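# Chains, contacts and geometry: an overview
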Amino acid sequence: MTNPTLFPILDVLCGCSSSLCCVSGVVHHHCVVFQVLFIIIVLCFRWLFNITVLCFRCCSSSLCCVSGVVHHHCVVFQVLFNIIVLCFRCCSSSLCCVSGVVHHHCVVFQVLFIIIVLCCRCCSSSLCCVAGVHLILIGGVCQLIAGLLSFRKYDHLSGTAFIGYAALWGSYGATRIFLGASQPITTNLTMSHDLMSNTTPLTTLTTNLSVSAELWNSTSQSPDWLSLLLIPQSAIAGLVPYILLSFLLAFCSATVNVIMPFVFGAITLTLLFEAVAVGVSSAWPLVVSGILELLILLFAVYGSAALLVKGLAQRYVLKGFGTPLFNVLLLGTNSPAASAQSLGQEKKKNTKYAEPQALFFFCDTVSPFIMLFYSFGYGTSFSLGAVWVSIISAAQLLSSYYAHLRQDGYLVTKAGLHATYWLTKAWEEFVLSAVIVSEPEREVATGRQAMVGDWFFVAVALLLLVVSLSNDTLEVTHNALFLLLSVSTVPQIPLHGYYVFFGVSCSLFTSVSLYGTFCRLINSIAEKSLIPVGPQPISSDRLHSFLSCFRSPWKLQGALPSSSSASSPTNQIPDALFYLTNGVAALSALHAASSSQSVSFLRLSVPWVLVSGAVVQGFVSRLQVRGGQRFGSVIPSFYLSVWATWTWYRFAGPLLQISPVGSYGFTAGAIAFLVINAFLMLIAAYGNLVLLSLTVVMEIVLVCFLLSTLQQLPYQLEIAMLAVFSVICLYGTLASLVNCTFRQSVMPMGPPLVKDVNQQQKSSAALPCPVADSRLTSGLLKISRLLDDGGVCGIPTDTVYALAASCKNPQAIENIYNIKDRPAEKPICICISSVEQLVAAKPPFSSLLWEFMRNVYPGGISCIVSKGDWLLRLGVGPAYDRVGTNDSIMIRVPDHTVTGHLCDITGPLAITSANPSGEPDSTHHDMVISRLGHKIQGVLCDGDSNEIVASTVVNCLKIDEGTISIVREGCVPAVKVRQIFERVKTSML
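All of the points below concern the structure found in this document. (Residues numbered from 1 in each chain as written. Predicted model: local features only at pLDDT ≥ 70, side-chain atom pairs only at ≥ 80, totals over all residues. Heavy atoms only, no water.)

### Looking at the overall build of the protein
- Regarding its fold elements, the protein presents 37 helices and ten strands.
- Put simply, the protein has 989 residues, and 56% of those count as buried.
- Within the protein, counting contacts between residues at least 6 apart in sequence, those at least 24 apart form 77% of the total.
- Per element, the accessible surface of the protein, about 39,500 Å² overall, is 65% carbon and sulfur. (Helix = DSSP H or I, 4+ residues; strand = E, 2+ residues; numbered from the N terminus. Buried < 20%, exposed > 50% of the residue type's maximum accessible area, 1.4 Å probe, protein only. Contact = heavy atoms within 4.5 Å. Areas by Shrake-Rupley, 256 points an atom, 1.4 Å probe, with all protein chains shown as cover.)

Written out as structure tokens, the structure is:
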């Protein structure tokens, strides 16, 4: 597990930024803590202050002229200017006395106290905005980057925690910005008589600030909806779920190391007291929160030092990392019910990226919890709540993205569906509570009842429930509650019962999501089912048989869009989400002529069409590009533009009162849309019937849009076409989801109308050898069977691709020499999954060699050691004479998940680089297939290799004499290898 140093420090900065804005009421000029801190600062930097004072004395006239440049309406610049002038006038006489006895009338401390109070009270709005920006940039953006890197490092806990906390600090930063924007500037200062009498410039400073505040408040008007924010209620509603989830993260981190539980625990308590401070408006929770943040700082400093030393020493020197508080295996038992694995779960074991299911459930805990508070009447405005939900929904889209990288089409669709739902509902509630709050209740109810977009969510939720019946009970329960949730938000439900039904549904959904976060996170860390999630209600075979009944109209090979995409399931993964977003947008855009006159309906429809049709579809376009689709992102990007323009003209247009002359611009745009979609129809003819039908109906819909710009819209035709478009999208969602879940054509999408002759010729040419996907368990099992049967296969490693043969089959090792034309005098090394395999074989290695191996394994280094009978215990067996030389053997422990799992299945493998002797190494599976495919029995496809050169070979035969030699310098520089050896040798003395 990786434990990035950046994370604790980021949370300290975020917590401190959030507290400083509220602490002004607590600070007193007698505060011992501030006095001690100020003494330390002054004693350390007194010489710097004296030099600076001299400089400012010399240019005091220039400084006084600067104030004329600063506009009197800008409070921030005036505060900064007055603080600088005041500090350096007072410091000239007081700084030299600070090193003596500190008196409570000390001018320095009084000046510093006044600075703090002035900043926090006179500029509370500006400081809140600045603190909010700091929270978003440091806690949000930087921590988001750390989370993305953690997911790519297969670190389940860190990836979930970093992105979750990034959403938290981003949301809290937005809260601070809203708080600053909604507060008037006040200058209610209470200063002691001695202070006022001893510091003459303070009177001028206070006067200037008061005048500036009055001018600012008189010339700055906040938007009307800012007065309806109810920031404390919104902040508490958002903080509570994060407190619960932070506690879960603290508990789960105890299974990884010692330091992180205390860091996460302190963050949990800090959030708790922040929420208390917001709720009770008292000072003591802020004091406790500040102490906890100091503890986080101490833990962060120690953790940073420990990880820094580990990076330099290549091993853990300081305590706390590498050893968990307790073994994760103590959390549960591997019972039959708990260990039941569905087909989808089986596929996600061997990948390069961490499991995003815990992050998905994390996000599904926060969003309904915020909606829950609002539904039960805790606050009358959802303005700030919409921001919190939007940020956590963006994190949920990240879980969908990493599910796409793991080729998990089911989770891609589910996470995208939930993110779309929460975003749409959040901004609908924003419109209801802040935008049309002054509209008559009867008109609002009429406008809501005309909306039908939510029914598409109901239909898709039902389909998702059916598809998930082959998953565990937790997944089925979660999908059933989401179906209940989508039903509870049907606009046709009367308002007096709508929020009660919705609130109860959110309560149940939140509870299951919270348990799901804990289960998925612990089970991902342990890489097995320790926390019970329940058995499969229906076996995968039975569900497959049931859904296959829809396949009869077309042959199996016609069910996928094209032969090229059929060969790679990744290309079809975003399709379900593509159909889903277009279906929601189309059904939400459906309305009658009478509804177009309702202001409430028009405003409420904007988020429904815009979020699904434009925002989330932009995300789908990115997935299409990442998946290498034949069309790339052309169709999603085009439909994004269509729905965005539709929202602008059809829903926002009447509100903006676009003139008939202004409509001509939309007429030209509609004609352009028609032409582009005609070309897309030709492209879709090479795909499948569902996609072709979708583009044909979209052409008719665009004709209706063109007629609407000419004020000649036939509403009945548009309603019919949008309904047909939604039905096609519903079937496309179901078929794509089922086909991606089962990794084969189960439900037909229809054959291509136009055959691609060139593509057929390419697909008809059989590959020279069988291939398997490295991210699928079935792929690993396929290659392992070929190896056990005596075959030679190309496999990925942490460096370049290698040819592998099982040590159980000596003849296969001999075949490697023939395949590569490798000289017989060049030995072949063996590959194992971990150093623990060597320990179990009990080789007679010295303690120095063991320590050196533990510092370089796993990694891109191969060690040459002495042969012995221990190789038989390792599992080399009959291949003893075929690997290595007569007295030595080279051992590889690749830092690669796929290779490690394959070695666990087959036992030790004899490997060498997968290239003809004397030629460059193979850095992609296509190179292995094209160069050696006709000679080998299979290739495990894993895309581009991590390195472009082979491993570094180190001769350790004389390591007991204190020397090693570099036989071949590869991906690890020889200098670094020697540095590691010297450190290890020094530590052993």
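### Description of unusual backbone geometry
- A cis amide bond, omega -10 degrees, links Tyr-857 with the succeeding residue Pro-858.
- By the secondary structure assignment, Pro-858 is in the loop between helix H33 (847-856) and strand S5 (861-866).
- Its identity is not glycine, yet Gln-657 carries a phi of approximately 55 degrees, on the positive side.
- With respect to the element layout, Gln-657 can be found in the loop between helix H25 (634-656) and helix H26 (660-684).
- With phi around 55 degrees, Lys-842 is a residue other than glycine that occupies positive phi space.

### Some points on helix H36 (residues 925-932)
- Along H36, the residues that are buried comprise His-925, Val-928, Ile-929, Arg-931 and Leu-932.
- Buried-residue contacts for H36 involve strand S1 (771-773), strand S2 (793-795), strand S3 (802-806), helix H31 (810-820) and strand S8 (938-941).

### Some remarks on the packing of aromatic side chains
- What the rule picks out here adds up to 36 aromatic pairs.
- Relative to Phe-382, the ring of Tyr-374 lies with its centre 5.0 Å away and its plane at 55 degrees, an arrangement referred to as tilted. Just as Tyr-374 is buried, Phe-382 falls in that class too.
- Seen from their ring centres, Trp-422 and Phe-509 are 6.1 Å apart, and the 50 degrees between their planes marks the pair as tilted. Of this pair, Trp-422 sits in helix H16 (residues 409-435) while Phe-509 sits in helix H20 (residues 495-526); the two residues are 87 residues apart in sequence, bridging distant segments of the chain. Side by side, Trp-422 and Phe-509 carry an identical accessibility label, which is buried.
- Ring pairs connect the aromatic residues Trp-643, Trp-646, Trp-648, Tyr-649, Phe-666, Phe-705 and Phe-725, which therefore count as one cluster.
- Here the basic side chain of Arg-448 rests over the ring of Tyr-498, its NZ or CZ set 4.5 Å away from the ring centre.
- One cation-aromatic arrangement involves Lys-867 over Tyr-880; the distance from NZ or CZ to the ring centre is 4.6 Å. (Phe/Tyr/Trp six-rings, centres within 6.5 Å; stacked < 30°, edge-to-face > 60°. Lys NZ or Arg CZ within 6 Å of the ring centre and 35° of its normal.)

### A look at the sheet that holds strand S10 (residues 965-968)
- If you trace the ten strands from one edge of the open sheet to the other, you get S1-S8-S2-S3-S7-S4-S6-S5-S9-S10, paired in mixed fashion. Of all the strands in the sheet, the pair left with one neighbour each is S1 and S10. The mean inter-strand angle of the sheet, taken between neighbouring strand axes irrespective of direction, is 35 degrees.
- Sheet topology note: the S2/S8 ladder contains two bridges and is parallel. Each bridged residue has a counterpart across the sheet, and for Cys-793 the counterpart in S8 is Gly-938. (Pairing = 2+ DSSP bridges. Axes fitted to C-alpha atoms, helices over the stretch in contact; angles between N-to-C directions.)

### Focus on the packing of helix H27 (residues 689-709) against helix H28 (residues 715-742)
- Across the interface, H27 lies against H28 with an axial gap of 9 Å and an inter-helix angle of 160 degrees. Regarding the angle of H27 to H28, the classification is roughly antiparallel. Here H27 and H28 pass one another in a crossing that is left-handed. Across the interface between the two elements, Val-690, Ser-693, Leu-694, Val-697, Met-698, Ile-700, Val-701 and Cys-704 of H27 pack against Leu-717, Glu-718, Met-721, Leu-722, Val-724, Phe-725, Ile-728, Cys-729, Tyr-731 and Gly-732 of H28.
- Tallied by class, the residues present in the contact of H27 with H28 amount to 15 nonpolar, two polar and one charged. (Parallel < 35°, antiparallel > 145°, perpendicular 65-115°, else oblique. Left-handed = near helix turned anticlockwise from the far one by under 90°. Nonpolar A, V, L, I, M, F, W, Y, C, P; charged D, E, K, R; others polar.)

### A short note on the nonpolar core
- Grouped together as the largest cluster of nonpolar side chains are 170 residues, with contacts concentrated most on Tyr-242 and Trp-643.
- Setting aside chain neighbours within four positions, we find Trp-643 in contact with Asn-582, Ala-585, Ala-586, Ala-589, Val-609, Gly-613, Gln-617, Met-698, Leu-722 and Phe-725.
- Listed in part, the 54 residues of the second largest apolar core include Ile-813, Tyr-817, Trp-850 and Val-972. (Core = buried A, V, L, I, M, F, W, Y, C linked by side-chain atoms within 4.5 Å.)

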